[in-house]
Each structure stands twice: as C-alpha cells, then as structure tokens.
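This is what each chain is made of:
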Amino acid sequence: MTLTHPSPIWHPFTQHGLGEPIPLIARGEGARLYGTDGRYWIDAISSWWVTTHGHAHPRIMAAIRDQSEKLDQLIFAGWTHEPAETLAAELIRITPDPLTRVFFSDSGSTSVEVALKMALGYWFNIGEDRSRILVMEHSYHGDTIGAMSVGERGVYNRAWQPLLFDVGTIPFPHEGQEQAAFDALEAACAQKPAAFIVEPLILGAGGMLIYPAWVLAEMRAICARHGVLFIADEVMTGWGRTGTRFACDQAGVIPDIVCLSKGLTGGAIPLAVTLCSEPIFAAHLSTDRAKTFYHSSSYTANPIACAAAVANLDIWRDEPVQQRIDALADAQAAHLGMLASDPRVASPRRLGTIAAFDIVAPDSGYLSALAPRLIAHYRDRGVLLRPLGNTVYVMPPYGIVPDELAQVWGAIATSLDDLR
Ligand SMILES: *Cc1c(COP(=O)(O)O)cnc(C)c1O
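Figured I'd write up the structure that's included with this text. Every value quoted in this text rests on a predicted model; they were computed, and no experiment measured them. (Residues numbered from 1 in each chain as written. Predicted model: local features only at pLDDT ≥ 70, side-chain atom pairs only at ≥ 80, totals over all residues. Heavy atoms only, no water.)

## Examining empty space enclosed by the protein
Next, step 1: Summed over all chains, the structure comprises 1 cavity of 30 Å³ or more.
Next, step 2: The space that makes up the largest cavity amounts to roughly 80 Å³.
Next, step 3: As for the largest cavity, its lining consists of T95, P96, L99, E234, F246, C248, D249, V253, P255, V258, L260 and L275.
Next, step 4: Among the elements of the structure, helix 8 (247-251) and strand 11 (257-260) are those that each provide at least two residues to the lining of the largest cavity.
Next, step 5: Residue composition of the lining of the largest cavity, grouped by class: 9 nonpolar, 1 polar and 2 charged. (1 Å grid on protein atoms, 1.4 Å probe; cavity = no way out; pocket = protein on both sides within 12 Å on 5 of 7 lines; lining within 4 Å. Points joined across faces, edges and corners; volume = space filled by probe spheres on them. Helix = DSSP H or I, 4+ residues; strand = E, 2+ residues; numbered from the N terminus. Nonpolar A, V, L, I, M, F, W, Y, C, P; charged D, E, K, R; others polar.)

## Observations concerning the site of the ligand
Next, step 1: Taken together, the neighbourhood of the ligand is formed by W49, S107, G108, S109, Y140, H141, G142, E199, D233, V235, M236 and K262.
Next, step 2: Residues of the shell around the ligand, tallied by class, amount to 4 nonpolar, 5 polar and 3 charged. (Near = heavy atom within 4 Å.)

## What to know about the packing of helix 11 (residues 321-339) against helix 13 (residues 402-419)
Next, step 1: One way to put it is that helix 11 packs onto helix 13 with a least axis distance of 11 Å and a crossing angle of 20°. Classified by the angle between their axes, helix 11 and helix 13 sit roughly parallel to one another. Crossing of helix 11 over helix 13 shows right-handed handedness. Contacts between helix 11 and helix 13 pair L328, A331, Q332, H335, L336 and L339 from the former with L405, A406, W409, I412 and L416 from the latter.
Next, step 2: A breakdown of the residues in the contact of helix 11 with helix 13 according to their chemical character gives 9 nonpolar, 2 polar and no charged. (Axes fitted to C-alpha atoms, helices over the stretch in contact; angles between N-to-C directions. Parallel < 35°, antiparallel > 145°, perpendicular 65-115°, else oblique. Left-handed = near helix turned anticlockwise from the far one by under 90°. Contact = heavy atoms within 4.5 Å.)

## Let's talk about the sheet that holds strand 3 (residues 40-43)
Next, step 1: Read across the open sheet, the 4 strands follow the order 1-2-3-15; overall the sheet is mixed. Of all strands in the sheet, those bounded by a partner on one side alone are strand 1 (25-29) and strand 15 (383-384).
Next, step 2: As paired elements, strand 3 and strand 15 share 2 bridges and run parallel to each other. Directly across from D43, in strand 15, lies its bridge partner L384.
Next, step 3: Contacting strand 2 (32-35), strand 3 and strand 15, helix 13 crosses the sheet at an angle of about 90° to strand 3. (Pairing = 2+ DSSP bridges.)

## Description of the side chain of H141
Next, step 1: Relative to the assigned elements, H141 resides in the loop between strand 5 (133-136) and helix 5 (145-149).
Next, step 2: Separated by 2.7 Å, the side chains of H141 and D233 make a polar contact. (Polar contact = N/O pair within 3.5 Å; in protein donor to acceptor, adjacent residues only side chain to side chain.)

## Some words on the side chain of S415
Next, step 1: You can see S415 is positioned in helix 13.
Next, step 2: Among the residues examined, S415 registers a relative accessible area of 1% and is labelled buried. (Buried < 20%, exposed > 50% of the residue type's maximum accessible area, 1.4 Å probe, protein only.)

## Focus: the pairing of strand 1
Next, step 1: Across 4 bridges, strand 1 lies against strand 2 in antiparallel orientation. In the strand pairing of strand 2, E29 is matched with R32.
Next, step 2: Linking two consecutive strands that pair antiparallel, namely strand 1 and strand 2, is a turn of 2 residues; a positive phi of about 60° is found at G30 within it.

## Re the sheet that holds strand 7 (residues 195-198)
Next, step 1: In spatial order, the strands read 4-12-11-10-7-5-6; together these 7 strands make up an open sheet with mixed pairing. The two strands at the open ends of the sheet, each matched to only one other strand, are strand 4 (99-105) and strand 6 (168-170). Across the sheet, the mean angle separating the axes of adjacent strands is 20° when strand polarity is ignored.
Next, step 2: Bridging between strand 10 (residues 229-233) and strand 11 involves 3 bridges; their strand directions are parallel. Bridged to A232 within strand 11 is V258.
Next, step 3: Most of the contacts of helix 6 (residues 178-189) go to strand 6, to which it runs at about 155°, and overall it touches strand 5, strand 6 and strand 7.
Next, step 4: Taken strand by strand, helix 7 (residues 213-226) contacts strand 5, strand 7 and strand 10, and its axis lies near 150° from that of strand 10.

## Details of the pattern of salt bridges
Next, step 1: On inspection of all chains with the given rule, the structure shows 17 salt bridges.
Next, step 2: Across the pair E29 and R27 runs a salt bridge, and its minimum N-O distance is 3.2 Å.
Next, step 3: On the basis of relative accessibility, which here comes to 48%, the residue E29 falls in the partly exposed class.
Next, step 4: A salt bridge links D314 to R317, with the shortest nitrogen-to-oxygen separation between them at 3.2 Å. One end of the pair, D314, and the other, R317, are both in helix 10 (residues 303-318), 3 residues apart, so they sit about a helical turn from each other.
Next, step 5: Salt bridges here are not isolated pairs; linked through shared partners, they connect R59, D314, R317 and D318. (Salt bridge = Lys/Arg side-chain N within 4 Å of Asp/Glu carboxyl O.)

## Section: helix 13
Next, step 1: In a regular helix each residue adds 1.5 Å, so 18 residues correspond to 26 Å; helix 13 covers 26 Å between its end C-alpha atoms and thus fits that length.
Next, step 2: Within the sequence span of helix 13, burial applies to E404, L405, V408, W409, A411, I412, S415, L416 and L419. Seen from one end, helix 13 has its buried residues packed into an arc of 145°, which puts them on one side. Looking at helix 13, the residues exposed on the side facing more than 90 degrees away from the buried face are P402 and D403. (Expected span 1.5 Å × (residues − 1). Arc of directions from axis to C-beta.)

Laid out in structure tokens, this is it:
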C-alpha cells in the first residue's frame, strides 16, 4: 500500500490506503479554516465538536499568551495554581449545588475513565461490592480501553474486543419504546450495578440519536431509587451545543458525576474535568492513604489550558453566547426544514445547534460507501463536514455567519443531487 503523501503522520480515523488528500491548514478564524494558499473551508463540525465560539477567539488566545508568560506547567499532586482554582470555583458556581468537587484531566476519554474510577472507588471505599457499569445502546464515550468498554461495540473497536470489560446495555429509548428502556434499566439497577453512564439527550458518535428530556429525567430517577450512580457524559453536549449550557439543564437532571471536555476551553486547547457530588469525594477522604484516589496524568490541570477555560467562562458571562446559540438553532431549523420533505432525506432531527438527517441509501451504517464520497464532495466545495456513515450532521461554531451556514447547506443540497 503506497502512501499518497510524503508525511510520516498516521492520522486518526483515517484510512491512508484510500489516498484521500489531506488539506494543510495554516490559520483559523471564526468558522473558517484557511489553507496555506489562502483558500478556506467552513468548519461545519467545529473541528470535531470542540470549537464553540469560533476559531482563535481573541480573548482565549490572549489568556493563553498571558498565562504562558507566567507558569507553563505544574505538578498537580499536592500543588495548585490560580487558573485551576479560579476555574474550579467557577465550575462549581455554574453547576447545580450537589456537584461540589472538580477533578482535572486532559481529554474526554480520560474524564470518562476518571468518572468510572470514581464510581468504583466510591463503592470500594464504602465496602460494597458493586462494580458493574450500565450503558445505553449506541453510546460513545471515547477511545481508551475503559471508555471503549462502555461504548457501542462495532467495526471501530473490533480488534480490541478481547480487552473490553463486560457491561449491561440498556436499549436506546426510541420514540414509543421508552417504557422498554425504563423497564430494562429498572431490572438492571435491581442487580446493584455501580453506575449508569449516559450521553444526555443526544448520542453523538452513535449517529446523532436524540431522545427527549423527560426520558433522561426518568432514567435519572430510576437510578436514584436504586442508589445507582448516574454519570452524565457531557463531553459533546456541554457548553451550549444542545441549546442550553449543559444538556442535563433541560431535563432538570443533577447527575452524581459529570464529564466535561471539548468546549471547556472554547475548543482551543485540551482540558477536561470530572465533577462529582460530595459523597463520592467523602468516600475517598480519610487519613488512610490506601483510600487515596490514585489517578493522574502528567498534564493534569495544565495552567495554560486552565487559563483558556477561565477565558471561555468569561466569554459566557460577558458575551451574548446564549443569543448566538438561539440564533444558530433557529437558522439550523430553517435550513433543515427546507430539506425535510426531500424523499432522499430520512429522520431529519435537531437539538439546539445540532442538525442531522440520514441519506436514504442502500447501505446504511458506519461503513456506508456514501461517507467518503460525501466528505470529498464537501471538501471540494469549501466545507468541512464528516458524515457518520449515511448520517449527515451540521454542528458549527456559534459564531458562524448566515452566509457561511448557507454555503454549508448549499453543499449538502448539491451532495444529494450528485450522489443519488
Ligand atoms: C468526544 C467524546 C468523548 C471523548 O473525548 P476525547 O477528548 O476525544 O477523548 C467522550 N464522550 C463523548 C460523548 C464524546 O463525544
């Protein structure tokens, strides 16, 4: 198999054998990514769901610059610094009262690993034998071994199945089948598992599958009745994507553990947090060093990343972020509405700023032959979109301007014409 370009880089989720061109990006601003020759692409997937306000937001860039002149990195075991303290206090302030503790890490996957370890550490330290994890069908929680274990099994993790631990799977609560999901959760909870982990309101990598807030609230209530810890993976849904700052807000749900990453720094630099309620922290609080929460990574709470996140929170406080989200949600609804009656379009759906639909295709699913053709079609028309199989979704930064969004949906319309 020959490589199509001279770079030694092995890209993620990229089949180099297909010889697809790999654009070289030099600069980003707002929703635009500029190539070295000045050509640009509209980033309609927020560079994989991370860029919230827009690329290179001046305030976040300034915070990174300022912090880089003060303190670059600090061991976080037993030491602390101001950006982390400011950020943690602010996160506790803006989330529901029962969430009292902030544990830092550096990616969505690690925030999930931390959540699972917290849940098991809790039961272990209070002396109860509970270790099974419940998950929702079609979920995605990251690509490390533990995060894959609690996610959907498929072509993208087949080679590693022997390493994945066993979980209990609750069926996805499709419309009209909610009771079956509740019954399955109720039955699984009665077996005294450690925790239930969910993507609230929308399953991202699973195909932008949406379920209503009342279903999330009911599932949370079932877990509470059985004392099963409820973990909300808000790695994708957090920071406004679903229309509210956090998806759980729409359901009035307060989880025991929450994972946040992607938009935490506005998407500028890697950082993650796992928030938890006091009993989980308290179960680890002891003069007995054996009860310590043994988890860390070298860059835990990196000061530059924390400063970027503090700037993100400042932007949420000082700029009309919610208005931008509402305006984008309306615009997305309008664009999606224009395609909704097209016979080639199935299951048009939207939650907040996220719009998705399926292309009616003989081969659906993640390895649908449509996906690479669609990606090329969009790339050739100045649009960065990356369908999940035959599911096309648009998840732009909130600062995208109407003309840019129209260009995205224009490319989608021509893709339907060209590919069918
Ligand atoms: C992206 C994602 C993750 C993993 O985050 P990484 O930063 O890529 O490790 C976990 N959970 C959900 C819901 C995600 O969308």
